[in-house]
Amino acid sequence: MTSSRKDSVVHARAREATGTGQLESPDARAMVANPVCGDRVTMEIQLAGDSVADLAHTVRGCVLTQAAAAVIGSHAPGCTRAEIESVHRAVAAMLEGSGQPPGGRWAELAMFAPVAAHRHRHHCVLLPFTALHRALDAASAGT
């Protein structure tokens, strides 16, 4: 796949905005911001046991942040915290150049592989994962 084709996939995924919005009664909510660029992600979750039952997000940020949040909106429901942490680690390793993209239901995250060459943009892809982790932490803490 060419770089311009991957760019169009990222833009299309961002436009889909899967999971955008708010939950009626979330178990937890977390907001994270990148002070360097101003991107901001708010993630809300509902849990069913150890799994994410539902989530919603609000993103004010670049297309990379929007697309990453949309992928999470599509694939995180039904996943356990451990699965989400594993995917997060795999994406971080892919961006650092020390790992392969996640597989299975998360395989589309390979669209972010070209971002590896732009270290200053790694945070854009990872910010929605950070927001999701903080929401999971808040749910665990009962806040």
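Residues numbered from 1 in each chain as written. Predicted model: local features only at pLDDT ≥ 70, side-chain atom pairs only at ≥ 80, totals over all residues. Heavy atoms only, no water.

Undergrad: Can you help me understand the environment of P128 in this one?
TA: Among the secondary structure elements, P128 is positioned in helix α4 (residues 122–141). Judged by its relative accessible area of 0%, P128 falls in the buried class. Sequence separation between P128 and L64 is 64 residues, and the spatial gap between their C-alpha atoms is 10.0 Å. When sequence neighbours within four positions are dropped, the list of residues in contact with P128 reads V41, M43, T65, A68, A69 and I72. (Helix = DSSP H or I, 4+ residues; strand = E, 2+ residues; numbered from the N terminus. Buried < 20%, exposed > 50% of the residue type's maximum accessible area, 1.4 Å probe, protein only. Contact = heavy atoms within 4.5 Å.)

Undergrad: What am I meant to see in the side chain of H122 here?
TA: Along the polypeptide, H122 turns up in helix α4. A relative accessible area of 7% means that H122 is categorised as buried. A polar contact is formed between the side chain of H122 and the backbone oxygen of V115, at a distance of 3.4 Å. Non-local contacts of H122, meaning those with residues more than four positions away in its chain, are made with L95, E96, V115 and A116. (Polar contact = N/O pair within 3.5 Å; in protein donor to acceptor, adjacent residues only side chain to side chain.)

Undergrad: Help me understand the packing of helix α2 (residues 63–75) against α4 in this model?
TA: In a pair of packed helices, the angle between the axes and the distance between the axes together describe the arrangement. It is the contact of α2 with α4, at a shortest axis distance of 7 Å, that shows an interaxial angle of 45 degrees. One element, α2, and the other, α4, form an angle in the oblique class. Judged by the twist between their axes, the crossing of α2 over α4 is right-handed. For the pair α2 and α4, contact is made by L64, T65, A68, A69 and I72 and by C124, V125, L127, P128, F129 and L132, respectively. Partitioning the contact of α2 with α4 into residue classes produces 10 nonpolar, one polar and no charged. (Axes fitted to C-alpha atoms, helices over the stretch in contact; angles between N-to-C directions. Parallel < 35°, antiparallel > 145°, perpendicular 65-115°, else oblique. Left-handed = near helix turned anticlockwise from the far one by under 90°. Nonpolar A, V, L, I, M, F, W, Y, C, P; charged D, E, K, R; others polar.)

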